[in-house]
Amino acid sequence: MFRKVATAALGGLLVAAALTACGGADESGSGNDDGKLTMGFAQVGAESGWRTANTKSVQEAAAAAGIELKFSDAQQKQENQIKAIRSYIAQKVDVIAFSPVVETGWDQVLKEAKDAKIPVILTDRAVDSKDTSLYKTFIGSDFVLEGKKAGEWLVKEYQGKSDTVNIVELQGTTGSAPANDRKSGFADVIKADPKFKVIASQTGEFTRAKGKEVMEAFLKANPKIDVLYAHNDDMGLGAIEAIEAAGKKPGVDIKIITVDAVKDGMTALAAGKINFIVECSPLLGPQLMDLAKKVVAGETVPQRVLTEETTFTPEQAKAVLPERKY
Ligand code: AHR
């Protein structure tokens, strides 16, 4: 039976402004009295096109599954996510799902959820915790593999050439699983050939504005940049603006690899401004709602649910763009 909610003693815990209800959640902040399953979802933020598509997928899937969704946007701050999770515990939701902004520092709040007997599902990003009993399952991509795919394309692209290849890297949010894993997966593949040199690597926080700003600095400090590896499309798109402003041709003078494959990224790929995109799917909503129903019903679910993904060249982008949903 789904947990019925008593009056929630939110006190100072609830960051009212950061919490917005979706799917008919009750304005008082107390939970659901009509027998519907209630999910508290603590989102990372709205930093990228990927994130916007992910939020839409979660909200639409909750509505379609008849799940009441309490949604919060942490604006890329761990403390906001922790506050939101605590408020969901206080509201006695049936299940908590969240996409951890960074990998570490979650054990305490996850223990609080466990003590309150509220199951937790990790979506999109993992936590770095030894205690896997703190969450029921993790649904999302293999970010290390994404980094490897980016590296493999590069190795193939420069096969048979011996000149040094100067690479600059725009990393995602510092401490986040996708930034850590995409960096290490890529590095693992290119390290086999010393001609590949990462001459600068800095965070662009997964945003277009920061990607542009950091790329401007890279261009000023480094006269010869051959390749840009950006951990997401948005940073790559910001960097393209900086490259064009510097009088260079993105995709030609500087080869560009990104991750995500959102519509704007695919459009730039089709136009030849990006050379290769590794897909990371944001459409996690329907599977998440399925898993939520199962864990609340006490069914066993796999500890890890992997998202299926592909890669795109400019030709492939042209072919799929008309059907691209996000
Ligand atoms: O965690 C997934 C990553 O977060 C996406 O690749 C990026 O665009 C987003 O901000």
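It should be noted that the structure appears before, not after, this text.
Cut-off values and rules
Residues numbered from 1 in each chain as written. Predicted model: local features only at pLDDT ≥ 70, side-chain atom pairs only at ≥ 80, totals over all residues. Heavy atoms only, no water. Buried < 20%, exposed > 50% of the residue type's maximum accessible area, 1.4 Å probe, protein only. Helix = DSSP H or I, 4+ residues; strand = E, 2+ residues; numbered from the N terminus. Pairing = 2+ DSSP bridges. Right-handed = clockwise from strand over helix to strand, strands pointing away. Expected span 1.5 Å × (residues − 1). Contact = heavy atoms within 4.5 Å. Polar contact = N/O pair within 3.5 Å; in protein donor to acceptor, adjacent residues only side chain to side chain. Core = buried A, V, L, I, M, F, W, Y, C linked by side-chain atoms within 4.5 Å. 1 Å grid on protein atoms, 1.4 Å probe; cavity = no way out; pocket = protein on both sides within 12 Å on 5 of 7 lines; lining within 4 Å. Points joined across faces, edges and corners; volume = space filled by probe spheres on them. Nonpolar A, V, L, I, M, F, W, Y, C, P; charged D, E, K, R; others polar. Domains from an automatic or database assignment. Axes fitted to C-alpha atoms, helices over the stretch in contact; angles between N-to-C directions. Parallel < 35°, antiparallel > 145°, perpendicular 65-115°, else oblique. Left-handed = near helix turned anticlockwise from the far one by under 90°. Salt bridge = Lys/Arg side-chain N within 4 Å of Asp/Glu carboxyl O.

## So, the pairing of strand S5 (residues 120-123)
Thinking step 1. Residues Val-120 and Leu-122 point to one face of S5 and Ile-121 and Thr-123 to the other, with burial holding for every one of them.
Thinking step 2. In terms of strand pairing, strand S4 (residues 95-98) meets S5 through three bridges, oriented parallel. Paired with Phe-98 across the strands is Leu-122, a residue of S5.
Thinking step 3. Tracing the backbone out of S4, into helix H3 (residues 107-115) and back to the parallel element S5 gives a crossover that is right-handed.
Thinking step 4. The pairing of S5 with strand S6 (residues 137-140) spans three bridges and is parallel. Bridging across to S6, Ile-121 finds its partner in Thr-137.

## A short note on helix H6 (residues 208-221)
Thinking step 1. Helix length check: H6, at 14 residues, gives a terminal C-alpha distance of 20 Å against a target of 20 Å (1.5 Å per residue), a fit within 8%.
Thinking step 2. Summarising the contacts, the buried residues of H6 are in contact with strand S7 (165-171), strand S8 (196-203), strand S9 (227-230) and helix H7 (233-245).
Thinking step 3. Among the residues of H6, the N-terminal cap falls to Thr-207, whose side-chain oxygen and the backbone nitrogen of Lys-210 are separated by 3.2 Å.

## Thoughts on the nonpolar core
One recurring pattern in soluble globular proteins: nonpolar side chains tend to sit buried together.
Thinking step 1. Ranked by internal contacts, the top residues of the largest apolar core, which has 29 residues, are Leu-170, Met-215, Phe-218, Leu-228, Ile-254 and Met-266.
Thinking step 2. When residues of this core are traced back to their parent elements, those giving at least two are S7, H6, S9, H7 and helix H8 (263-270).
Thinking step 3. The element that contributes the greatest number of residues to this core is H7, accounting for six residues.
Thinking step 4. Residue contacts for Leu-228: discarding those within four places in its chain leaves Val-168, Leu-170, Met-215, Ala-239, Ile-254, Lys-255, Ile-256 and Ile-257.
Thinking step 5. Core analysis: the second largest hydrophobic core is formed by 24 residues, Ile-85, Ile-96, Ile-118 and Ala-126 among them.

## Looking at empty space enclosed by the protein
Thinking step 1. Under the definition given, this model contains two cavities of 30 Å³ or more.
Thinking step 2. Approximately 80 Å³ is the volume attributed to the largest cavity.
Thinking step 3. Lining of the largest cavity is provided by 13 residues; of these, Trp-50, Arg-51, Arg-125, Arg-182 and Phe-206 occupy positions nearest its centre.
Thinking step 4. Classifying every residue of the lining of the largest cavity gives five nonpolar, two polar and six charged.
Thinking step 5. Among the domains, domain 1 (8-141 + 282-309) and domain 2 (143-279) are the pair contributing at least three residues each to the lining of the largest cavity.

## Overview of the packing of helix H1 (residues 49-65) against helix H9 (residues 285-296)
Thinking step 1. Relative to each other, H1 and H9 sit at 50°, their axes nearing to 8 Å. On the basis of the axis angle, H1 is oblique to H9. Of the two elements, H1 crosses H9, and the hand of that crossing is right-handed. From H1, Ser-57, Val-58, Ala-61, Ala-62 and Ala-65 reach across to H9, where they touch Gly-285, Pro-286, Leu-288, Met-289 and Lys-293.
Thinking step 2. Considering only residue class, the contact of H1 with H9 consists of seven nonpolar, two polar and one charged.

## Thoughts on the sheet that holds S9
Thinking step 1. Within the open sheet, the six strands sit side by side as S8-S7-S9-S10-S11-S13. Their pairing is mixed. With one partner strand each, in any of the chains shown, S8 and strand S13 (311-312) form the two edges of the open sheet.
Thinking step 2. In the sheet, strand S11 (residues 276-279) pairs with S13 via two bridges, with the strands oriented antiparallel. By the bridge assignment, Val-278 is partnered in S13 with Thr-311.

## Considering the pattern of salt bridges
Thinking step 1. Applying the stated criterion across every chain yields a total of 20 salt bridges.
Thinking step 2. Lys-255 serves as the salt-bridge partner of Glu-157, at 3.7 Å between the closest nitrogen and oxygen. One end of the pair, Glu-157, is in helix H4 (residues 143-157); the other, Lys-255, is in strand S10 (residues 255-260), and 98 residues separate them in sequence.
Thinking step 3. Among the residues examined, Glu-157 registers a relative accessible area of 30% and is labelled partly exposed.

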